Amino acid sequence: MNRILGYEFFGKKAKEIDRSSENRHKFIMRLDDSHPEDIALKLAPIASEAAHLLRGMENALVEKRIKDDGSPTTAADLAAEQLIIRRLNEVWPGVPVVAEETASTAHTGEFFFLVDPLDGTSDFLNGTGEYSVNIALIRGDRPLAAAVAAPAMGSIWIAGTTTQMSTMPQAGGSTFEWREVKVRQAPEDGLVALVSRRHGDSATEICLSALSIGTRRMTSSALKFCLIASGEADIYVRCGATMEWDTAAGDHILSCAGGSVVGPGSIPLTYGHEDRGYRNGPFAAVGDTSLANKLDLPVAAA
C-alpha cells in the first residue's frame with residue numbers, strides 16, 4: 001500500500017505522519033469559523049509542497065501557451081494546481097475549489113477555496129523568482145484562512161487570525177518555525193510603493209500621485225501583499241484587471257497583519273463573484289489603513 005503523507009500539528013509545528021486510507025478519516029477537518037489558525041496551519045504544508053514542485057520545474061524547459069485572456073500558462077501551473085486540489089480534497093472533501101487553470105468556472109458554497117497555483121507565470125518563465133503559490137479559504141465573501149508561499153525566496157506566510165511567516169522546510173520536510181509579522185506605520189513622507197513589472201497604467205499613477213512616494217519597488221505576484229504585511233513596504237495600488245485568486249490569499253495575509261485591501265470608497269474587497277467571472281475591480285493594499293482614505297480609486301478596472 002502506498003503511504004499518503006499528511007501533517008499533524010502540535011502547537012505551531014507540524015510533523016509528517018502516515019495518512020494511509022485506513023487512517024484518512026482522522027485528517028478530514030470539519031470547517032467552521034472557530035479555528036482559522038488551525039486551518040491556516042493545515043494550508044501551509046500544501047502550499048509548501050506545491051512550491052517545491054514549482055521550484056523543481058523552474059529550470060526545466062517548460063513551454064507556455066497563451067490563454068484566451070492573454071495571460072501565459074505552463075505545465076507547471078497545471079501540475080501545481082492538480083496537486084493543491086488533490087491535497088485540499090483529502091483534508092476537506094466536498095469543499096468547492098475555484099482555481100485559475102482547471103476550475104475557474106467552478107461554483108462556490110458557504111465555504112470555498114480560491115487557488116492560484118502559480119501567481120506570476122511570466123516571472124517563473126523569465127527566472128526572476130518573483131512568483132508565488134496562493135491558497136485562500138473563503139467563508140461567505142471574505143477570506144477566513146490563507147497561505148502564500150514564495151518558492152524562490154524560500155518563505156511562506158499564513159494567516160488565520162494573525163499573520164505568521166516561516167522559512168519553508170526542505171522538500172519532504174514538515175517543520176515550520178513561525179513568527180508573527182505586523183505592518184508598519186506609514187512614514188510622513190518617503191512611502192515605499194510596490195509596483196508591478198508588467199501591469200502599469202495611468203489610473204494607478206494618478207492614485208499614487210496623491211501620496212508622498214519616496215521609493216518605488218518593482219515586485220510581482222502576491223509577494224506585494226506579503227511584503228507590506230511584513231513591514232517592508234507601505235502601499236500597492238492596482239487599477240488594472242485582476243482575478244479573485246490573485247488577491248484573496250494576500251488580502252487575508254495583509255489584513256491579519258494590521259493592514260487592509262480596499263476598493264473604491266475604502267470598502268474591503270469581497271470574493272465569490274461568480275456572476276462577473278471572479279474578476280476584481282481596482283484596489284489598494286495598504287499597511288497603514290489611514291492611507292486608504294487618501295486614494296481616489298476608479299470604479300472600474302482599467
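Since this is a predicted model, take the numbers as computed values, not measurements. (Residues numbered from 1 in each chain as written. Predicted model: local features only at pLDDT ≥ 70, side-chain atom pairs only at ≥ 80, totals over all residues. Heavy atoms only, no water.)

As a further point, take unusual backbone geometry. Apart from glycine, the bulk of residues carry a negative phi angle, and the bulk of peptide bonds sit in the trans form. Of note in the backbone geometry, Ser 221 takes a positive phi value of approximately 60° without being a glycine. Along the chain, Ser 221 turns up in the loop between strand E13 (213–218) and helix H5 (223–229). Taking relative accessible area as the criterion, Ser 221 reaches 10% and is therefore assigned buried. For Ser 266, which is not glycine, the phi dihedral falls at a positive 60°. Inspection of the secondary structure assignment puts Ser 266 in the loop between strand E15 (260–262) and strand E16 (283–286). (Helix = DSSP H or I, 4+ residues; strand = E, 2+ residues; numbered from the N terminus. Buried < 20%, exposed > 50% of the residue type's maximum accessible area, 1.4 Å probe, protein only.)

What follows concerns the pattern of salt bridges. Applying the stated criterion to the full structure yields nine salt bridges. Its salt-bridge partner being Arg 87, residue Glu 49 comes within 2.9 Å of it at the nearest N-O pair. Linking Glu 49 in helix H1 (residues 36–57) with Arg 87 in helix H2 (residues 75–91), this pair joins segments that are 38 residues apart in sequence. Classification of Glu 49 by relative accessible area gives partly exposed; the value is 26%. When the shortest N-O distance is used, the salt bridge between Glu 90 and Arg 87 registers 3.2 Å. Here Arg 87 and Glu 90 lie together in helix H2, a separation of three residues that amounts to about one turn. Both residues of the pair, Glu 90 and Arg 87, count as buried. Via salt bridges that share partners, Glu 49, Arg 87 and Glu 90 belong to a single interconnected network. (Salt bridge = Lys/Arg side-chain N within 4 Å of Asp/Glu carboxyl O.)

Pairing within the open sheet is mixed, and its five strands lie in the order E13-E12-E14-E16-E15. Because the sheet does not close on itself, it has two edges, and the strands there are E13 and E15. On average, adjacent strands in this sheet sit at an angle of 20° to one another, irrespective of strand direction. Inspection of the sheet shows strand E14 (residues 235–238) paired to E16 by four bridges, in the antiparallel sense. (Pairing = 2+ DSSP bridges. Axes fitted to C-alpha atoms, helices over the stretch in contact; angles between N-to-C directions.)

Shape is all these values report; function is a separate question.
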